[in-house]
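Letter by letter, the chains look like this.
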Amino acid sequence: LQQQQQLQLQQLQQRRSFCKGVRVACRGVVACRGGLVGGGARILETCRPRPCSLLSRAVHPRFAGVERAYGAETYRRLADTTVVVVGVGGVGSWAAEALVRTGVGAVVLVDLDEVCVSNINRQLCATQGAVGKPKASVLAERFREVNPDVDVIPLLEFVDESNVDDIVTGAAWAHLGSGVVSSPPAVVLDAIDDVRNKARLIAACHNHGIRCVTCGGAGGALDPAASLRRGDLAVAGGDALLKATRRALKDNCGFVPPVTGNGAPWGIPAVYCVQTNTDKSRASAADEYGRACDKYGSAVCVTASMGFFAASATLEEVQRP
């Protein structure tokens, strides 16, 4: 047992020394190698300066796992990509986090709302210390800690008829970037729950030829595995928010599907929820547009999962020719 404990301690020390060596190499000082001395202690021996093997592939260690998972070409594409996330609440905040942690080079966070205490149960930006602060600004600060090289732009606006085209094309935010950001964006991720403006946003993306991923309502569901689906907006059934959005697109935005016919896809990826909590004894007043988050409450296991689903769909759109 004592020998096993010593071996485990030795392995732990080796891993710590390796990580320290990588950090030193990444600062451009020297690469390191380790030597074992009596008692299993770990020492670092400097050798001739040379780049870390990770750096030789122009990949920072924080994203080496991303490059291995997606491949070098996709990694480089992500690093040069701009994604606009509209609505950074219970779904959008988690989606934006996933995009930043996957190495997306520039992220625009569009939301005028401030953190309130009732957001704490489901929103990444919501902590007691953040109450009263703009959600987009709180997340921007967090994301710069995750990746100091990310070009993150908090745009403190709500989408409406007056600004939707500028937000979609980049006219509202391109001048705020630091060099990585590019307009128009590769993808717009829609995570808002106001039907009229949701429809306006999707229609603007369609009119300007910009890819869009849209999210339905996540409220009222408790089991993400049973509730969440991915598909085309045209056939996203069981989600009241997306049903109302489809109607608003056709009735109020003049949206014409690229392919007509029953069940024909619109080319707009959607993440949606097919199950909600139907216990009416716990429900609040009904929402006009089927926004179950306000009506039935919400569970972070579902809202965060929907955000991760949406981020995955967005990354697929970036990779698509």
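1. Let's talk about the overall build of the protein chain
The helix and strand inventory of the protein chain stands at 11 helices and nine strands. Split into buried and exposed, the 321 residues of the protein chain put 46% on the buried side. Sequence-distant contacts, at least 24 apart, represent 68% of the contacts inside the protein chain between residues at least 6 apart. In the structure as shown, the protein chain presents an accessible area of about 15800 Å², 50% of it carried by carbon and sulfur atoms.

2. Re the sheet that holds strand β6 (residues 187–190)
The sheet built from seven strands is open, its strands ordered β5-β4-β3-β6-β7-β9-β8 with mixed pairing. Looking along the sheet, the strands with just one partner apiece sit at the ends: β5 (151–155) and β8 (228–232). When the angles between neighbouring strand axes are averaged without regard to direction, this sheet yields 15°. The pairing of β8 with strand β9 (residues 269–273) spans five bridges and is classified as antiparallel. Along β9, the bridge assignment pairs L228 with C273.

3. Considering the nonpolar core
With 45 residues, the main nonpolar core has V85, L99, L109, F143, L189 and M306 as its most contacted residues. Elements represented by at least two residues in this core include exactly β3 (82–86), α4 (92–101), β4 (106–110), α5 (135–146), β6, β7 (211–215), β9 and α11 (300–319). In terms of residue count, the dominant contributor to this core is α11 (eight residues). Each residue touching L189, except ones within four places of it in the same chain, is listed here: V84, V85, V86, A95, L99, V213, C215, A310, A311 and T314.

4. Overview of the confidence of the model for the protein chain
Here the protein chain shows a mean pLDDT of 82. Residues at 70 or above account for 76%. Confidence over residues 20–57 falls short of pLDDT 50; this stretch has 49 contacts with residues more than four positions distant or in other chains. Here residues 286–292 is a poorly scored stretch, pLDDT under 50, and it has 18 contacts once near neighbours within four places are set aside; other chains count.

5. What to know about the packing of aromatic side chains
Across all of its chains, the model carries three aromatic pairs by this definition. With a centroid separation of 6.5 Å and 50° between ring planes, the pair formed by F63 and Y75 is classed as tilted. Here Y75 lies in helix α3 (residues 72–79) and F63 lies in the loop between β2 (42–46) and α2 (64–70), a separation of 12 residues in the sequence. Relative accessible area serves as the criterion here: at 6%, F63 is assigned to the buried category. Among the residues examined, Y75 registers a relative accessible area of 10% and is labelled buried. A centroid spacing of 5.0 Å and a plane angle of 50° characterise the contact between F255 and W266, whose relative ring orientation is tilted. Of this pair, F255 sits in the loop between α9 (240–252) and β9 while W266 sits in the loop between α9 and β9, and the two are 11 residues apart along the sequence. Across this residue pair, the class does not change: F255 and W266 are buried.

What counts and what doesn't
- Residues numbered from 1 in each chain as written.
- Predicted model: local features only at pLDDT ≥ 70, side-chain atom pairs only at ≥ 80, totals over all residues.
- Heavy atoms only, no water.
- Helix = DSSP H or I, 4+ residues; strand = E, 2+ residues; numbered from the N terminus.
- Buried < 20%, exposed > 50% of the residue type's maximum accessible area, 1.4 Å probe, protein only.
- Contact = heavy atoms within 4.5 Å.
- Areas by Shrake-Rupley, 256 points an atom, 1.4 Å probe, with all protein chains shown as cover.
- Pairing = 2+ DSSP bridges.
- Axes fitted to C-alpha atoms, helices over the stretch in contact; angles between N-to-C directions.
- Core = buried A, V, L, I, M, F, W, Y, C linked by side-chain atoms within 4.5 Å.
- pLDDT = per-residue confidence, 0-100.
- Phe/Tyr/Trp six-rings, centres within 6.5 Å; stacked < 30°, edge-to-face > 60°.

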